[in-house]
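Residue-level listing of the chains:
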Amino acid sequence: MDVPERSDVDHLIEPQPLPSFARVRYEPPVETVAEPAVAAREQLSRLPLDGLSEGATVAVGVGSRGIHAIDDITRAVVERLAERGFDPVVVPAMGSHGGATPEGQREVLASLGITQSEMDASIDARMDTEQVATVTVGETEMPVHLSVAALESDAVFVVNRVKAHTNFTGPVESGLTKMTVVGLGKQRGAKSFHSTAIAEGYLETLKPALSAIEDAAPLVGGIALVENFHEEIAHVEAVPAGSFIEREPALLERAYEEMPTLPVDDVDLLVVDELGKEISGAGMDTNVIGRYRVLNAPDPETPAIDIIYARGLTEATKGNGIGIGLADLTRKAALDQLDLRKTYANTFTSGSLAKGQLPVVAPDDEFAIRTALSALGGYDPETVRILWIQNTEDLGELYVSEPVLPALPDTAEVVERAALTFTDGTAAFTGP
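The structure reproduced in this document is the subject of the present report. Small disclaimer: the values here were computed from a predicted structure and weren't measured.

### A look at the nonpolar core
Okay, so step 1: Core analysis: the largest hydrophobic core is formed by 44 residues, its most contacted members being Val144, Val181, Leu184, Phe193, Tyr202 and Phe244.
Okay, so step 2: Element by element, the count of residues in this core is highest for helix 9 (residues 202-216), at seven residues.
Okay, so step 3: Among residues more than four places away in sequence, those in contact with Leu184 are Gly61, Val91, Pro92, Ala93, Leu146, Ser147, Val156, Val158 and Met179.

### Considerations on the side chain of Lys277
Okay, so step 1: The topology assignment puts Lys277 in the loop between strand 9 (266-272) and helix 11 (286-289).
Okay, so step 2: It turns out Lys277 is buried and unbridged, and the closest side chain with the opposite charge, Glu278, is 9.1 Å from it.
Okay, so step 3: At a separation of 3.0 Å, a polar atom in the side chain of Lys277 contacts the side chain of Asn346.
Okay, so step 4: If we ignore the near neighbours within four places in the chain, the residues touching Lys277 are Arg65, His97, Thr317, Asn320, Ile322 and Asn346.

### Focus on the environment of Leu251
Okay, so step 1: Take Leu251: it is sitting in helix 10 (residues 244-258).
Okay, so step 2: Relative accessible area serves as the criterion here: at 3%, Leu251 is assigned to the buried category.
Okay, so step 3: Separated by 40 residues in sequence, Leu251 and Arg291 have C-alpha atoms that sit 23 Å apart.
Okay, so step 4: For Leu251, the residues in contact, after removing those within four places along its chain, are Val162, Ala224, Val226, His235, Glu237 and Val239.

### Side note on the packing of aromatic side chains
Okay, so step 1: Tallied over the full model, the rule gives six aromatic pairs.
Okay, so step 2: Here the aromatic rings of Tyr26 and Phe229 are separated by 5.1 Å at their centres, their planes lie at 85°, and the arrangement is edge-to-face. Taken together, the residues span a long stretch of sequence, with Tyr26 in strand 1 (residues 21-26) and Phe229 in the loop between strand 7 (219-227) and strand 8 (233-240) at a distance of 203 residues. Take Tyr26 and Phe229: they sit in the same class, and that class is buried.
Okay, so step 3: When the centroid spacing of 5.1 Å and the interplanar angle of 85° are considered together, the rings of Trp388 and Phe429 count as edge-to-face. Taken together, the positions of Trp388 in strand 13 (residues 386-389) and Phe429 in strand 16 (residues 426-430) put the pair 41 residues apart, joining distant regions of the chain. Each member of the pair Trp388 and Phe429 is classed as buried.

Parameters and conventions
- Residues numbered from 1 in each chain as written.
- Predicted model: local features only at pLDDT ≥ 70, side-chain atom pairs only at ≥ 80, totals over all residues.
- Heavy atoms only, no water.
- Core = buried A, V, L, I, M, F, W, Y, C linked by side-chain atoms within 4.5 Å.
- Buried < 20%, exposed > 50% of the residue type's maximum accessible area, 1.4 Å probe, protein only.
- Helix = DSSP H or I, 4+ residues; strand = E, 2+ residues; numbered from the N terminus.
- Contact = heavy atoms within 4.5 Å.
- Lys, Arg positive; Asp, Glu negative; His and termini not counted.
- Salt bridge = Lys/Arg side-chain N within 4 Å of Asp/Glu carboxyl O.
- Polar contact = N/O pair within 3.5 Å; in protein donor to acceptor, adjacent residues only side chain to side chain.
- Phe/Tyr/Trp six-rings, centres within 6.5 Å; stacked < 30°, edge-to-face > 60°.

Given below as structure tokens:
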């Protein structure tokens, strides 16, 4: 795609005076599990696995990106299952991620530190599914698919984080239920679910789908993880099968209390250095930026952000730029990082087309910032509220424009004053 050079557009928008900035440290009080792998072992030991004979194959569904210590936790689960006399097999439970291919899903697991050698267990990454039921959701007939690797096992166990979903709100969002229905549904199951959920509602779709899977597959339970503001493990809990829907609301409530948020809710311009699948399933955490952009699901009331400028992709996302469409602006450097095959595989499966759309592409940072400030209307450097973050996961340190400082909570402190400068169009902050 040809993007205009700086010389092609430089005359269209006059330079704007920039506000002063400050580097801020933001650290709300948190709880942390010191040894999450040890906690996972202890919790799994308390979970009854009656009816499983020695040598029974247990499919361990994992694969949600960005979970703290997920490699250590998964290894602990695999080891404890083996100690109890079972044969654990790791099954990627990530819908269409990794380009919806076995190789891609293995690559995603490897990026999390989950490999056959590290886990001392085989990985069955087949994308094959079996339709285990058809459920009626409202006025929609939905096929329910489940991984053949899971169905061929003697038991199914999932490990996932309970957190706010990036597309909807409700008593059950991301967690064990969603991983079972969507993650283990692979691409076909994920597509079927999302298509129905957009029309009939997410929770309304999750409940009957989970029930159908519980009837068709030997689901025995899961390990639920809750993370704190710093994306560290705050809680580990084993949840038996049949209790996912009942237990997850309380875990989700805790996740909401602990989850990362911006220090202020009213923002003119949010600059995000990087987005990626390991940061959030939507590339940028939609609850942090206040944008779902999903049919039949209203955006969160807060925060209210007028313009978002996304500067680039993480290395770990491997070109999957899902979420780039949540921004209003990006730059050519981000466009060059995009792998549209991976991005579109995720976009088509989720049905959230807005997240895969391209925003306006600026030639560089300097022109992007100039464009954003001009688009605010009535721009005034003395009042403009700008937040500049690395990503929507790491919010412990950020840059804010001077007018934001009076609105900061007591848990935020100014580390140093800073100035925004540009070198060959690329932005950087310099100290006093």
